[in-house]
Amino acid sequence: MLFGRGTTIFFAPYEFEGMRPMIKMAQKLVSPVHKETFFSELLKHEYLSADYKVQRSRFSNGTEVVANLGPVAQKIEGDISIPGYGYRITMQDGSVKNGHFEVSLIAE
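On a predicted model such as this, the values are computed, not experimentally measured, just so you know.

Reading guide: rules and limits
Residues numbered from 1 in each chain as written. Predicted model: local features only at pLDDT ≥ 70, side-chain atom pairs only at ≥ 80, totals over all residues. Heavy atoms only, no water. Helix = DSSP H or I, 4+ residues; strand = E, 2+ residues; numbered from the N terminus. Buried < 20%, exposed > 50% of the residue type's maximum accessible area, 1.4 Å probe, protein only. Contact = heavy atoms within 4.5 Å. Areas by Shrake-Rupley, 256 points an atom, 1.4 Å probe, with all protein chains shown as cover. Lys, Arg positive; Asp, Glu negative; His and termini not counted. Charge placed at Lys NZ, Arg CZ, Asp CG, Glu CD. Bend = angle between axes of the 7 residues up to and from the residue. Phe/Tyr/Trp six-rings, centres within 6.5 Å; stacked < 30°, edge-to-face > 60°. Salt bridge = Lys/Arg side-chain N within 4 Å of Asp/Glu carboxyl O.

Peer 1: Report on the overall build of the protein, specifying residues and quantitative values.
Peer 2: Helix and strand content of the protein: one helix and seven strands. The secondary structure elements of the protein, listed N-terminal to C-terminal, are α-β-β-β-β-β-β-β. Taken over 108 residues, the protein has a buried fraction of 31%. Contacts spanning at least 24 positions in sequence make up 31% of the contacts within the protein whose residues lie at least 6 apart. For the protein, the accessible surface area stands at approximately 7500 Å², while carbon and sulfur atoms represent 56% of it. Across the protein, the mean location of the 12 positive side-chain charges is 3 Å away from that of the 12 negative side-chain charges.

Peer 1: Tell me about unusual backbone geometry, and name the residues and values.
Peer 2: Positive phi outside glycine occurs at tyrosine 52, with the angle close to 65°. Tracing the backbone shows tyrosine 52 in the loop between β1 (42–47) and β2 (54–59). For tyrosine 52, a relative accessible area of 54% puts it in the exposed group. One non-glycine residue with positive phi stands out, namely aspartate 79, at about 60°. Assignment of secondary structure puts aspartate 79 in the loop between β4 (74–76) and β5 (80–82).

Peer 1: Tell me about the side chain of glutamate 46, residues and numbers included.
Peer 2: Here glutamate 46 shows up in strand β1. Those residues in contact with glutamate 46, other than ones at most four positions away along the chain, are Val54, Gln55, Arg56 and Arg58.

Peer 1: Explain the environment of threonine 8 to me, and be specific about the residues and the numbers.
Peer 2: By secondary structure assignment, the location of threonine 8 is in the segment before α1 (16–37). In the structure, threonine 8 is positioned 53 residues away from asparagine 61 in sequence and 23 Å away in space, judged by C-alpha atoms.

Peer 1: Any details on α1? Residues and values, ideally.
Peer 2: Taken as a whole, α1 carries its principal kink of about 40° at valine 30; the proline proline 32 stands between one and four residues after it. Residues of α1 that are buried: Met19, Ala26, Leu29, Val30, Val33, Glu36 and Thr37.

Peer 1: Describe in detail the packing of aromatic side chains, supporting the description with residues and values.
Peer 2: Given two aromatic rings, one states the distance between the centres and the angle between the planes to describe the pair. Tallying each qualifying case throughout the model produces four aromatic pairs. Each ring, one from phenylalanine 11 and one from phenylalanine 16, has its centre 6.2 Å from the other, and the planes form 40°; the classification is tilted. Given a relative accessible area of 29%, phenylalanine 11 falls into the partly exposed group.

Peer 1: Run through the pattern of salt bridges, naming residues and quoting values.
Peer 2: Within the structure shown, the criterion is met by six salt bridges. In this structure, arginine 56 and glutamate 46 form a salt bridge, with 2.9 Å as the shortest nitrogen-oxygen distance. Taken as a pair, arginine 56 in strand β2 and glutamate 46 in strand β1 lie far apart in primary sequence, 10 residues in all. The class of glutamate 46 is buried, set by a relative accessible area of 19%. Between lysine 75 and aspartate 79 there is a salt bridge, with its nearest N and O atoms 3.3 Å apart. Comparing lysine 75 with aspartate 79, the two get one shared label, exposed. Residues participating in the shared-partner salt-bridge network are Lys44, Glu46, Arg56 and Glu77.

Right, dumping it as structure tokens:
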């Protein structure tokens, strides 16, 4: 999302059925952003945190993507908190979409 490209997921052909939920999730998340930014110029990409984990991209159509690639929530300007493995997307129309990915373990 930070660079206006679609998701790339690598897997072996025999893994397709197991990867189906991840592919659907990635499509649901990335498609609206990709639809807006595909023909737009990436105007600026910057690192917002000292550890380079929080990054922001701005596109010529007004879309802004902020992503936190680390596990710890971090604040950006305006006292906005981006959760660990989270994102905040300001769409072209000004609407905001945000969320985060969760990493979990199931032990049996």
